[in-house]
Amino acid sequence: MKKRAVIIGFSHMHVNEVALYLSEQPDFDLAAAAPVKSAAETIPPLRYTPEWNKQNIADNYCSAIYDDYTKMLDEVKPDIAFILTENGQKADVVENCARRGVDVCIEKPMADTLENAKKIKACAEKYGIKAVVNWPVAWRDYVHKMVAAAQAKIVGEPLKLRYINGHTGPLGKGAKHRGVTENAQEMTDEQRAKTWWHQKKLGGGVFLDICCYGCAFSKWLLGDGAKSVIACGENLNTPFGDTEDNFAAVIKYDGKMSVIEGTWTTPRAVIPSGPMLMCTDGVIMCTGGAEASPGVKAFDMYGNEVEVPEIEFSDKYKNMPWHLALTERDGEDILDLLTLDTNVEIMAMIDAAQKSSDSGKEETIDV
């Protein structure tokens, strides 16, 4: 029997690819979708804005669009809800799902704050629901190839992760997101200022949008033991918003470290991007960037290329709906990166980075 899925929220442009993947996965039925009321002002329905996303879902994937998501939950009685709200709304939405016994899949990051991440975990445990966090990088074969190479220690023990990622903002010039073939439409600064992405109180900003990926890679590639963060975030080229649009952070471990950077002012097309892992005997790096035939290469200390073992990449890692369906079918655990325990730890890193940027001091990572 197919699982009845619903989508809650159209605020995150990833909603378009999530809907596409649900429509392609034979074990799921996208039964309905609904928005969550926002404190952000309404702007024209330009591509990738919530109203545009809602219409795109209605036109292509699901005609049952509710105005009230709690009414949708009560009437549809879904098995699982895919949550693509503003970051600041996630804890309340998860609670409303959990009280009704509905499993949830939360689009990254888990929440807007560490406190709300802990509330989500406690809520899931209280009501006994399954809850996972969707990380788009979990479905990239080259990332798994890099992780496997690191775990095989083909160039020794990991010492330092370097990660940089950038775009012109979620709704910036030329922005393009999976699930839609066209680029974002031009927006005025006044229009962008009204979107939730550029408002701290709604969970916007580059820390939650991009620093989260660096923290996720740090956890995935360096493992446990992150102790503290020193970070700096600035608003360098989006004065219409009150969020940072650039940041740099150093995550400290005992004997290891991560150096992560993110930007909303410079796209991946013109900066090197992706994770690089420096090890005791060489380096493993992602090549090509996310848009240009990404791959993985490794080199020893003398610059000689080291063979990176091939890996099997099954449909289990095609996307989140496929992962949920196939791991359940085969009785396997989901990828650790997607679990609430791991994501609370990731949120602790993000929380410490934001605190450090505000205080100008090194901040302890405290789960």
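For the structure, see preceding data.
### Section: the nonpolar core
Phase 1: Among the nonpolar cores identified, the biggest contains 120 residues, and Ile7, Ile8, Phe82, Trp135 and Ile251 are the most heavily contacted of them.
Phase 2: Not counting the four nearest positions on each side in its chain, Trp135 is found in contact with Lys108, Cys212, Tyr213, Ala216, Leu337, Leu338, Asn343 and Ile346.

### A word on the side chain of Lys316
Phase 1: Mapping Lys316 onto the fold places it in the loop between strand S13 (305–306) and helix H9 (320–330).
Phase 2: Within the structure, the side chain of Lys316 is placed 2.7 Å from the side chain of Glu332, a separation counted as a polar contact.
Phase 3: Not counting residues within four places of it along the chain, the set of residues in contact with Lys316 comprises Trp139, Trp322, His323, Leu326, Thr327 and Glu332.

### A few points about the environment of Ile260
Phase 1: Mapped onto the fold, Ile260 is located in strand S9 (residues 257–263).
Phase 2: Its relative accessible area of 1% is what places Ile260 among the buried residues.
Phase 3: The sequence separation of Ile260 and Thr168 amounts to 92 residues, and the corresponding C-alpha distance is 18 Å.
Phase 4: Every residue in contact with Ile260, bar those within four places of it in the chain, is listed here: Tyr163, Cys211, Gly214, Cys215, Phe247, Ala248, Ala249 and Ile251.

### A word on the packing of aromatic side chains
Phase 1: Summed over all chains, the structure comprises eight aromatic pairs.
Phase 2: Judged by centre distance (6.1 Å) and plane angle (75 degrees), the ring pair of Phe28 and Phe82 falls under edge-to-face. Separated by 54 residues along the polypeptide, Phe28 in strand S2 (residues 28–34) and Phe82 in strand S3 (residues 80–83) bring together distant segments of the chain.
Phase 3: The class of Phe82 is buried, set by a relative accessible area of 3%.
Phase 4: Between the aromatic rings of Phe207 and Phe247, the centroid separation amounts to 5.2 Å while the plane-to-plane angle is 35 degrees, which identifies the pairing as tilted.

### Details of the environment of Gly204
Phase 1: Within the fold, Gly204 resides in the loop between helix H7 (189–193) and helix H8 (206–222).
Phase 2: Classification of Gly204 by relative accessible area gives buried; the value is 8%.
Phase 3: Through-space distance from the C-alpha of Gly204 to that of Glu244 is 8.9 Å; in sequence the pair is 40 residues apart.
Phase 4: Apart from the residues lying within four places of it in its own chain, the contact partners of Gly204 are Trp196, Trp197, Gln199 and Thr243.

### Describing the sheet that holds strand S4 (residues 103–107)
Phase 1: Taking strand neighbours across the sheet as the criterion, the five strands line up as S2-S1-S3-S4-S5 in an open arrangement whose pairing is parallel. With one partner strand each, in any of the chains shown, S2 and strand S5 (131–134) form the two edges of the open sheet. Across the sheet, the mean angle separating the axes of adjacent strands is 25 degrees when strand polarity is ignored.
Phase 2: With respect to the sheet, helix H3 (residues 69–76) is in contact with strand S1 (3–8) and S2, its orientation differing from that of S1 by roughly 175 degrees.
Phase 3: Contacting S1, S3 and S4, helix H4 (residues 90–98) runs over the sheet at an angle of about 165 degrees to S4.

The rules behind the values
- Residues numbered from 1 in each chain as written.
- Predicted model: local features only at pLDDT ≥ 70, side-chain atom pairs only at ≥ 80, totals over all residues.
- Heavy atoms only, no water.
- Core = buried A, V, L, I, M, F, W, Y, C linked by side-chain atoms within 4.5 Å.
- Buried < 20%, exposed > 50% of the residue type's maximum accessible area, 1.4 Å probe, protein only.
- Contact = heavy atoms within 4.5 Å.
- Helix = DSSP H or I, 4+ residues; strand = E, 2+ residues; numbered from the N terminus.
- Polar contact = N/O pair within 3.5 Å; in protein donor to acceptor, adjacent residues only side chain to side chain.
- Phe/Tyr/Trp six-rings, centres within 6.5 Å; stacked < 30°, edge-to-face > 60°.
- Pairing = 2+ DSSP bridges.
- Axes fitted to C-alpha atoms, helices over the stretch in contact; angles between N-to-C directions.

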